[in-house]
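The chain contents come next:
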Amino acid sequence: MIQMPLRETFATMQPIGAPIMLSLMAAELADVLPAPQIGALAFALGQRAAARVPMAHVTDLNDLQQCLNRLWSDLGLGSARLSVDELAIAVEHDPGTLRPDVLDPAARPAFVEFLRGAYHACFQMLGSSDVMVTSARWNGPVIELRHGN
């Protein structure tokens, strides 16, 4: 018999369900859709995920980082560190459980677009201009994102 809430029971398990699902979906879609359409779908899914971020009480970059990291933790999609330089908001996203044996290499572009969509939507919800662009790329073990001109 389980004597504690399920969330506490499974708290020590690594949540890899979302990365595996993303990998499987990207591989399946690659059989029927061109890469730009898969990227657009992943970007849109990222925007939907961003809608789950509670932005009402975000007053600074630290608040935003905490809210985003709560989402990434819930989804098993790593964690982020946000900073600002003279040209953009910079994000270093550690994919966490997205080891090569978990996330198919063919799914990496979709994951990058998912993150780009999520971060872009969050910055827009905070009042970013429509002309601001969010870029993303793998750089070694992390995904680097930039939101600026």
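Here is a short report on the structure shown in this document. (Residues numbered from 1 in each chain as written. Predicted model: local features only at pLDDT ≥ 70, side-chain atom pairs only at ≥ 80, totals over all residues. Heavy atoms only, no water.)

### Examining the packing of helix α3 (residues 35-50) against helix α5 (residues 108-125)
Stated formally: Fitted lines through C-alpha atoms serve as axes, helices being fitted only where they are in contact, and the angles separating the N-to-C directions of these axes extend from 0 to 180 degrees. In DSSP terms, a helix is any run of H or I states spanning at least four residues, a strand is any run of E spanning at least two, and both are numbered starting from the N terminus. For classification purposes, an angle smaller than 35 degrees is called roughly parallel, one larger than 145 roughly antiparallel, one from 65 to 115 roughly perpendicular, and anything else oblique. Each crossing is labelled by how the near helix is turned from the far one, with a counterclockwise turn of less than a right angle marking it left-handed and a clockwise turn marking it right-handed. The criterion used for residue contact is that any of the two residues' heavy atoms lie within 4.5 Å. Residue type decides the class: Asp, Glu, Lys and Arg count as charged, Ala, Val, Leu, Ile, Met, Phe, Trp, Tyr, Cys and Pro as nonpolar, and the leftover types, Gly among them, as polar.
Between α3 and α5, whose axes approach to 6 Å, the crossing angle comes to 40°. With respect to their mutual orientation, α3 and α5 come out oblique. Two packed elements cross with a definite hand, and for α3 against α5 that hand is right-handed. Counting all contacts with α3, which are made through Ile38, Gly39, Ala42, Phe43, Leu45, Gly46, Gln47, Ala49 and Ala50, the residues of α5 involved are Ala110, Glu113, Phe114, Arg116, Gly117, Ala118, His120, Ala121, Cys122 and Met125. Partitioning the contact of α3 with α5 into residue classes produces twelve nonpolar, five polar and two charged.

### Re the packing of helix α4 (residues 61-75) against α5
At a minimum axis distance of 12 Å, the contact between α4 and α5 shows a crossing angle of 145°. For α4 against α5, the interelement crossing comes out right-handed. Along the contact surface, α4 presents Leu64, Leu68, Trp72 and Leu75, while α5 presents Phe114, Leu115, Ala118, Tyr119, Cys122 and Phe123. Among the residues forming the contact of α4 with α5, the class breakdown is ten nonpolar, no polar and no charged.

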